[in-house]
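Listed below, chain by chain, are the residues.
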Amino acid sequence: MSMINNDAIISFDEIKKQKEYISLVREILADKFYDKAPKAFVHTYGCQGNLSDSERMKGLLFEMGYRFTDNNEEADLILFNTCAIREHAEDRVFGNVGRLKALKEKNKDLIIGLCGCMVQQEHIKDKIKKSYSFVNLLFGTHVSYKLPEYIYSILTRGQKVFDIESNLNKIAEDLPIYRDGSFKAWIPIMYGCDNFCSYCIVPYVRGRERSRSSEDILKEAKQLIDSGYKEITLLGQNVNSYGKGLKEDIDFADLLKKINDIDGDFIIRFMTSHPKDCSKKLIDTIAKCKKVSHHLHLPVQSGNNRVLKEMNRKYTREEYLELVEYAKNKIPDISLTSDIIVGFPGETYEEFCDTLSLVEKVGYTSLFTFIYSAREGTKAAKMPDNITHKEKTVWFKELTDLQEKIAAKRSLDMKGKIFRCLCEGKGKNDNELIARTDGNITIEFVGDEENIGKFCNIKVTDTLTWIVKGEIIKEN
Ligand code: 5AD
Ligand code: SF4
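Residues in close proximity to ligand 2 include Cys193, Asn195, Phe196, Cys197, Tyr199, Cys200, Val202, Pro203, Gln237, His274 and Arg313, which together make up its full environment. Residue composition of the shell around ligand 2, by class: seven nonpolar, three polar and one charged.

To continue, consider the pattern of salt bridges. Oppositely charged side chains can form a pair if their charged atoms are brought close together. Within the structure shown, the criterion is met by 33 salt bridges. Residue Arg375 pairs with Glu90 through a salt bridge whose shortest N-O separation is 3.2 Å. Residue Arg375 is found in the loop between strand E14 (366–371) and helix H15 (389–414), and its partner Glu90 is found in helix H4 (residues 87–98); the two are separated by 285 residues along the sequence. There is no split in this pair, since Arg375 and Glu90 are both buried. Residue Arg212 pairs with Glu173 through a salt bridge whose shortest N-O separation is 2.7 Å. Residue Arg212 is found in the loop between strand E9 (210–211) and helix H9 (214–226), and its partner Glu173 is found in the loop between strand E6 (161–163) and strand E7 (184–188); the two are separated by 39 residues along the sequence. It is possible to trace a salt-bridge network through shared partners that takes in Glu55, Arg56, Glu173, Arg179, Arg212 and Glu220.

Attention now moves to the sheet that holds strand E5 (residues 137–139). Note on sheets: strands pair through backbone hydrogen bonds, and any given pair is parallel or antiparallel. Spatially, six strands are ordered E2-E1-E3-E4-E5-E6 in an open sheet, and the strand pairing comes out parallel. What marks the edges here is a single partner per strand, and that holds for strand E2 (67–68) and E6. As defined by bridge partners, strand E1 (residues 39–44) adjoins E2 across two bridges and the pair is classed as parallel. Note on E2: the bridge partner recorded for Lys39 is Arg67. Packed on one face of the sheet, helix H7 (residues 147–157) meets strand E3 (77–82), strand E4 (111–116), E5 and E6 and runs near 155° to E5.

Between helix H11 (residues 280–288) and helix H13 (residues 317–330), whose axes approach to 10 Å, the crossing angle comes to 20°. Classified by the angle between their axes, H11 and H13 sit roughly parallel to one another. Between H11 and H13 the crossing geometry is right-handed. When H11 is examined against H13, the residues Lys280, Ile283, Asp284 and Ala287 are found in contact with a partner set consisting of Glu322, Leu323, Tyr326, Ala327 and Lys330.

A common way to report how large an interface is uses the accessible area buried once the components associate. Taken as a whole, the protein is organised into domain 1 (6–163), domain 2 (184–413) and domain 3 (415–472). Inter-centroid distance (C-alpha atoms) of domain 2 to domain 3 is 25 Å. Each side of the interface is counted separately: domain 2 has 20 residues, and domain 3 has 18 residues. Considering only the side of domain 2, the residues that lose the most area to domain 3 are Lys230, Arg269 and Ser411, jointly responsible for 27% of the buried surface there. Between domain 2 and domain 3 we count eight residue pairs in polar contact (both at pLDDT 80 or more) in total.

Near ligand 1 the following residues occur: Ile85, Arg86, Tyr199, Gln301, Asp339, Ile341, Phe370, Ile371, Tyr372, Ser373 and Arg375. Arg86 is positioned such that a nitrogen or oxygen atom in its side chain is 3.0 Å from an oxygen atom of ligand 1. One nitrogen or oxygen atom from the side chain of Gln301 is found 2.6 Å from an oxygen atom belonging to ligand 1. In the complex, 86% of the free accessible area of ligand 1, which totals 410 Å², lies under the protein chains.

Within the fold, Glu432 resides in strand E16 (residues 432–437). We classify Glu432 as buried; its relative accessible area is 10%. Sequence separation between Glu432 and Phe445 is 13 residues, and the spatial gap between their C-alpha atoms is 5.3 Å.

Criteria and cut-off values
Residues numbered from 1 in each chain as written. Chains lettered and ligands numbered in written order. Predicted model: local features only at pLDDT ≥ 70, side-chain atom pairs only at ≥ 80, totals over all residues. Heavy atoms only, no water. Near = heavy atom within 4 Å. Nonpolar A, V, L, I, M, F, W, Y, C, P; charged D, E, K, R; others polar. Salt bridge = Lys/Arg side-chain N within 4 Å of Asp/Glu carboxyl O. Helix = DSSP H or I, 4+ residues; strand = E, 2+ residues; numbered from the N terminus. Buried < 20%, exposed > 50% of the residue type's maximum accessible area, 1.4 Å probe, protein only. Pairing = 2+ DSSP bridges. Contact = heavy atoms within 4.5 Å. Axes fitted to C-alpha atoms, helices over the stretch in contact; angles between N-to-C directions. Parallel < 35°, antiparallel > 145°, perpendicular 65-115°, else oblique. Left-handed = near helix turned anticlockwise from the far one by under 90°. Domains from an automatic or database assignment. Buried area = accessible area lost by both parts, 1.4 Å probe. Polar contact = N/O pair within 3.5 Å; in protein donor to acceptor, adjacent residues only side chain to side chain. Areas by Shrake-Rupley, 256 points an atom, 1.4 Å probe, with all protein chains shown as cover.

Structure follows, in structure tokens:
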């Protein structure tokens, strides 16, 4: 059905072909492993988008007959779903891949695969080919639905598979998903990014923006809610671009409303919103829709207009603050979070101070802070950068100290209040559980494990900077 509404969908025949490969691989593996199932170790680096992609690749592996293990030493297939957002993420992958060589030496049949954003880059693919010859499977972000075909080729021909097709820009529907959680789920609503922020590698490795049909998204959401899921997080690099290019007339606010209208007791979260496309209509919709969480992740990146322009963010500090004011007026208990880059090329200390003042003004619940990392192929990587890493670390600390003060005050304001939370699991201390408020703040409390996966009302009893303690007052 979605094909009618969406030119970006991979053809029915191509999906059917992959399903045939699934059956073929299942037979081969059943033959090869007879009385025991082959084991796959899938490790995901990076963002929620990658976690969601891994769930889809695990769905394919599961259907092929693989079962999952956390121990790479007993694995027959090792798959790393990689991240390219900062250099540090790539270094970690290289380090961990290097350590797999010994496993391959012990087991010649071991399939070692790399996929995701990092390997979508030509220079990384070449480096892997040259220096990590024991890797026998490498595929990019556009073609992960072909995993059954790749495994089939390796099992039958013993050849290496390297495929980083970069112009596909399509969406694969109607393939199995193996979900990591039983009450919290990701639903990707759009893929890719067309914004080309000057520091960011994502538009190069994830391709052009494309949205899933509302029909496919709603079908997935309904299935999840019917099977007891309590929290759904809608994912996209820029969810506010949702709907562009679809034949149906729909935007992100319309989609939120449709999901909100599904029967059931559940919470809807989403990320990420680009401030340049975050409409007042969206904020009004969040205010109106009971199931949509009062949390808005609105990455500002910098509080200085010159830096924002160089970053190609397409909004000013004033426009951002106006949006925040609008959101605070419409939704008084809105919880705002953000991403910030410290030490963008050419940024001066005075300009960085504008970021500090903006952070103070907005009063974020929490921040994801990053020291700028040059990414090959991006515009910013060619910009002169005179500030040393050491100096940037000092600025970074100034920012995190400030945020710590803001968070401490916000936590203190919670004391004595009651929050409806979803209980997520065990805490660090014995008998303690953790629950998350609508505004995305974690509360630790003493409670019975039976509460996990359920909504409960929790009264905040004590607060430290990042830790909020509470007690359960009513189960429902
Ligand atoms: N260096 C540092 N941080 C970056 N981000 C994206 N690219 C870079 C980079 N080159 C950050 C941005 C983005 C978040 C997901 O990662 O803040 O919002
Ligand atoms: Fe990167 Fe900007 Fe796209 Fe976000 S909006 S993924 S920061 S290019």
